[in-house]
Amino acid sequence: MPGQLSGQHEPGAALGRMVRAAWSETLGEDHPDTLPAANRLAGCLVGLRKYAEARDLFADLLPRCERAVGWGDPLTLTVASNLNGCLSALGAHEDARRQCEDIVRRSRLALGPDDPRTLRAASNLAIFLRRLDDHQAALAIWEDTLLRYRRVLGEDHPDTLHAKRDLVALLRAMGEDDRAHAVAGEPPAGP
């Protein structure tokens, strides 16, 4: 749906509803072309901040993706991640953390531990852990993830830079300023 990426969520959702209905009727709800259309529709709903409706659509879509394309398929993992985001937006942070742990586990098995999609899932888990004040677990994940991003994507890739910023912010929040400066590549703070 065009609205999901363009920011035009209202027309994207309207078009998404039409496409999903037509393709569901013609191809079936579990067809490999209908499933991504439903995911995009739900993404437009997230853009409209209709989190409960999007959550319900993602929750309905997830088992259908698992049946149709498999639990380790990138579409299934994307839908699971999107459902996770809705849970968090609705304040269900502990549920989102558990769901995210499962996504990371599945991603590592299906895609490998160094796949950028697995690394994004791990970064998302670290975000949830930080929100839940489990800073040590978040720190361990971000340190590992940053090393993998650097090795796989390079030092200047946007995902690497984002992971580095997240790690630096966490270290500073934990009062680990010297380590934060070292990770950021900054000179240590004065006495």
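Residues numbered from 1 in each chain as written. Predicted model: local features only at pLDDT ≥ 70, side-chain atom pairs only at ≥ 80, totals over all residues. Heavy atoms only, no water.

## So, helix α2 (residues 9-26)
For α2, which comprises 18 residues, the first-to-last C-alpha distance of 25 Å matches the rise-based estimate of 26 Å (1.5 Å per residue) to within 8%. Following α2 by one or two positions, Gly-28 has its phi on the positive side, about 105°. (Helix = DSSP H or I, 4+ residues; strand = E, 2+ residues; numbered from the N terminus. Expected span 1.5 Å × (residues − 1).)

## Examining the packing of helix α8 (residues 135-153) against helix α9 (residues 158-173)
Packed helix pairs are specified by the crossing angle of their axes together with the interaxial distance, meaning the distance between the axes. Contact geometry for α8 and α9: axes closest at 9 Å, N-to-C directions at 155°. The pairing of α8 with α9 is recorded here as roughly antiparallel in orientation. Handedness of the α8/α9 crossing: left-handed. Across from His-135, Ala-138, Leu-139, Trp-142, Glu-143, Leu-146, Tyr-149, Arg-150 and Leu-153 in α8, the residues of α9 making contact are Asp-159, Thr-160, Ala-163, Lys-164, Asp-166, Leu-167, Leu-170 and Leu-171. Residue composition of the contact of α8 with α9, by class: 10 nonpolar, 2 polar and 5 charged. (Axes fitted to C-alpha atoms, helices over the stretch in contact; angles between N-to-C directions. Parallel < 35°, antiparallel > 145°, perpendicular 65-115°, else oblique. Left-handed = near helix turned anticlockwise from the far one by under 90°. Contact = heavy atoms within 4.5 Å. Nonpolar A, V, L, I, M, F, W, Y, C, P; charged D, E, K, R; others polar.)

## Focus: the nonpolar core
Counting 43 residues, the largest nonpolar core has Phe-58, Val-79 and Leu-167 as its most contacted members. Of all the secondary structure elements, the ones that give two or more residues to this core are α3 (34-47), α4 (51-69), α5 (74-89), α6 (93-111), α7 (116-131), α8, α9 and α10 (177-184). Considering every element that reaches this core, the biggest residue donor is α7, with 7 residues. Apart from residues no more than four positions distant in its own chain, Leu-167 is found in contact with Leu-139, Trp-142, Glu-143, Leu-146 and Val-183. (Core = buried A, V, L, I, M, F, W, Y, C linked by side-chain atoms within 4.5 Å. Buried < 20%, exposed > 50% of the residue type's maximum accessible area, 1.4 Å probe, protein only.)

## With respect to the state of the cysteines
The final tally for this structure, using the stated rule, is 0 disulfides. Cys-86 supplies the cysteine sulfur nearest to Cys-65, a cysteine that is in no disulfide, at a spacing of 14 Å. Lacking any disulfide linkage, Cys-86 is separated from the closest cysteine sulfur, that of Cys-44, by 12 Å. Looking at Cys-86, the relative accessible area reads 1%, which means it is buried. (Disulfide = S-S within 2.5 Å.)

## Points about the environment of Asp-159
With respect to the element layout, Asp-159 can be found in helix α9. Relative accessible area serves as the criterion here: at 18%, Asp-159 is assigned to the buried category. Excluding residues within four positions of it along the chain, Asp-159 makes contact with Arg-120, Tyr-149 and Leu-153. Engagement of the side chain of Asp-159 in a polar contact is seen with the side chain of Arg-120, the distance being 3.1 Å. (Polar contact = N/O pair within 3.5 Å; in protein donor to acceptor, adjacent residues only side chain to side chain.)

Everything listed is a geometric property; what it means functionally is a separate question.
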